[in-house]
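# Reading the structure
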Amino acid sequence: AKVLHVSQPAISLAIKRLEERLGTALVVRTRKRIAPSREGELLERMRRADLFVFPSLAEGFGLVIGEAMAAGVPVLTTQNTGGPELITDGQEGWSVAAHSVEALAERLEWAYANRDSLYEMGTRARRRAEQWTWADYRRKLVAELSSHIG
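Below you will find a few notes about this structure. (Residues numbered from 1 in each chain as written. Predicted model: local features only at pLDDT ≥ 70, side-chain atom pairs only at ≥ 80, totals over all residues. Heavy atoms only, no water.)

### A short note on the packing of helix α3 (residues 63-70) against helix α6 (residues 115-130)
Where we set the bar: The convention used is that axes are lines fitted to C-alpha atoms, helices contributing only their stretch in contact, and that angles between N-to-C directions extend from 0 to 180 degrees. Every helix listed is a DSSP run of H or I at least four residues long, and every strand listed is a run of E at least two residues long, numbered separately from the N terminus. The contact criterion used throughout is that any non-hydrogen atoms of two residues lie within 4.5 Å. Under the grouping applied here, Gly and all other residues not named as nonpolar or charged are polar, the nonpolar ones being Ala, Val, Leu, Ile, Met, Phe, Trp, Tyr, Cys and Pro and the charged ones Asp, Glu, Lys and Arg.
Packing of α3 against α6 leaves a shortest axis separation of 7 Å and a crossing angle of 115°. Residue-level contacts link Gly66, Met69 and Ala70 of α3 to Ala125, Arg126, Arg128 and Ala129 of α6. Grouping the amino acids of the contact of α3 with α6 by side-chain chemistry returns 4 nonpolar, 1 polar and 2 charged.

### Observations regarding the pairing of strand β5 (residues 93-96)
For the record, the criterion: Only protein chains enter the area calculation, which uses a 1.4 Å probe; residues under 20% of their type maximum are buried, those over 50% are exposed, and those in between are partly exposed. When DSSP finds at least two bridges between two strands, those strands are taken to pair.
Of the two faces of β5, the one carrying Gly93 and Ser95 and the one carrying Trp94 and Val96 are both buried. Across 4 bridges, strand β4 (residues 75-78) lies against β5 in parallel orientation. Each residue of the ladder has a partner; that of threonine 77, found in β5, is serine 95.

### A closer look at the sheet that holds β4
The strand order across the open sheet formed by 3 strands is β3-β4-β5, and the pairing between neighbours is parallel. Looking at strand neighbours, the two that pair on one side only are β3 (52-54) and β5, the edges of this open sheet. The average angle at which neighbouring strand axes cross in this sheet is 10°, direction not considered. Of the strands in this sheet, β3, β4 and β5 are in contact with helix α5 (residues 101-113), which crosses β5 at around 170°.

If you want it as structure tokens, here you go:
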């Protein structure tokens, strides 16, 4: 299996644990960041992925989660990213506790063993992302503000 990840200590540890469990080495390419050289390159890279892993420890709202889902890619992220608001756990991906290397490793192991199921999860992720429109956002914002204004 091939794994591309943006450098994060938690995911590095999770991959190491997965390799130990599998008894095999994974081909891992690490980058400190992905900087697309042309417009649309990041989206192309996302579409080629089986799973988008975003193990951030603190993120107000990880916009990249919605971008990955819109590209039809399931997401593995932490509960500190906005993931719980976007992902139904086990349906479009997973949202695990921050700092839980074990939870990341467990989900990666499942993804490795159930690669075909990731396609179905990605389809659900895409459908979920299609529900987020600016019109929908405006309706929810007006409803929320109206409830506080009276």
